[in-house]
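Listed below are the residues making up each chain.
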Amino acid sequence: MMNTLNIFVFIINLIYVLVSCDATSTAKPEQSLIMHGRITFLPNFQIPTESDAKLTVELQDTSLADASAIVIARSISKAVQFPISFAIKYSPSQILEGHTYSLSVTIKDNKNELLYINDVYIRVTPVGSSRTKLIDIPVKSVKQTNPILNKNQWPELIGKNGQEAVNIIKKETGFTNVMIVKEGSPVTLDYRTDRVRVFVNDEGIVTIVPTIG
């Protein structure tokens, strides 16, 4: 009787172990999420950074105002020329309900000296239906690098062919939103840091200084 009971218990334990192992082996691993974005330097020209500069983007838990931010994930890549694309991977299980999260950006040279940093709070939503998937993060210069292009007008293009002026501005800035506008045409009054209107006369010649706006 005792042997029969022992055998029965052994079989039950064996079944439990096999079922547990099977459940573990079939469980799907957690899928990571990726947040993409660009680091911009206003007025958003394609400005080269210093040689061997390094971009670090951190996803941080900034829920506690009087405590240091907790780094959830970090992305490190080369910083060659603005705008700089980045992608940061993180685990959804690290994101806690009710907490607030933000992105922190630094760009340092090969001597680990700070060149650029974001000086505004960049809040993001890491999970959920409205999670942040793509974001632009502006940075400011901490250390003057050479050369820095800081140009928002092109007076030297007065008298040139409109399309030629458009091509020059696109090449210098990397903007895609550079357009020819005929003198007297109605335009919107909104201001944009990534747009240049090139006003031309009936002959297609630039008559007004092209300006960012």
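Use the structure listed above.
Below: a short report on this structure. Everything quoted here is computed from the prediction, not taken from an experiment.

Okay, the pattern of salt bridges next. Applying the stated criterion across every chain yields a total of 5 salt bridges. Residues glutamate 58 and arginine 74 are paired through a salt bridge, measuring 2.8 Å at the closest nitrogen-oxygen approach. With glutamate 58 in strand β2 (residues 54-61) and arginine 74 in strand β3 (residues 70-78), the pair connects residues that are 16 residues apart, well separated along the chain. According to the relative accessible area criterion, glutamate 58 is buried, its value standing at 14%. A salt bridge links glutamate 164 to lysine 160, with the shortest nitrogen-to-oxygen separation between them at 3.8 Å. For lysine 160, a relative accessible area of 29% corresponds to the partly exposed category.

Within this structure, the stated rule accounts for 3 aromatic pairs. Ring centres of phenylalanine 82 and tyrosine 116 lie 4.9 Å apart, and the angle between their planes is 75°; on these two criteria the pair is classed as edge-to-face. Pair noted here: phenylalanine 82 is in the loop between β3 and β4 (84-90) and tyrosine 116 is in strand β6 (residues 114-117), with a separation of 34 residues, a long-range link. This pair shows no difference in class: phenylalanine 82 is buried, exactly as tyrosine 116 is. Among the aromatic side chains, those forming a connected cluster through ring pairs are Phe41, Phe82 and Tyr116.

Mapped onto the elements, proline 155 comes out in the loop between β9 (140-141) and α2 (162-173). On the basis of relative accessible area, proline 155 is assigned to the partly exposed category, the value being 49%. Put simply, proline 155 and valine 206 are 51 residues apart on the chain and 9.8 Å apart in space, counted from C-alpha to C-alpha.

Read from one edge of the open sheet, 3 strands run β4-β1-β8, paired in mixed fashion. Each end of this open sheet is capped by a strand with a single partner; those strands are β4 and β8 (134-138). Across the sheet, the mean angle from the axis of one strand to that of its neighbour is 30°, orientation sign disregarded. Across 5 bridges, strand β1 (residues 33-40) lies against β8 in parallel orientation. Residue pairing in the sheet places threonine 40 in a bridge with proline 138 of β8.

Turning to the nonpolar core, a few remarks are in order. Of all hydrophobic cores here, the largest spans 28 residues; its most connected members are Ile39, Leu55, Leu59, Phe86, Leu103 and Ile107. Contributing elements (two or more residues each) for this core: β1, β2, β3, β4, β5 (101-108), β6, β7 (122-124) and β8. Sequence-distant contacts of leucine 103, that is, excluding residues within four places in its chain, are made with Met35, Val57, Glu58, Leu59, Phe86, Asn118, Ile122, Val124, Ile135 and Ile137. Judged by nonpolar contacts, the second largest core, of 12 residues, contains Ala165, Val178, Val198 and Ile212.

Residue proline 83 is reached from phenylalanine 82 by a cis peptide bond, and omega for that bond is -10°. Structurally, proline 83 can be placed in the loop between β3 and β4. You will see that asparagine 112, though not glycine, has its phi angle at about 65°, which is positive. With respect to the helices and strands, the residue asparagine 112 is situated in the loop between β5 and β6.

What counts as what
Residues numbered from 1 in each chain as written. Predicted model: local features only at pLDDT ≥ 70, side-chain atom pairs only at ≥ 80, totals over all residues. Heavy atoms only, no water. Salt bridge = Lys/Arg side-chain N within 4 Å of Asp/Glu carboxyl O. Helix = DSSP H or I, 4+ residues; strand = E, 2+ residues; numbered from the N terminus. Buried < 20%, exposed > 50% of the residue type's maximum accessible area, 1.4 Å probe, protein only. Phe/Tyr/Trp six-rings, centres within 6.5 Å; stacked < 30°, edge-to-face > 60°. Pairing = 2+ DSSP bridges. Axes fitted to C-alpha atoms, helices over the stretch in contact; angles between N-to-C directions. Core = buried A, V, L, I, M, F, W, Y, C linked by side-chain atoms within 4.5 Å. Contact = heavy atoms within 4.5 Å.

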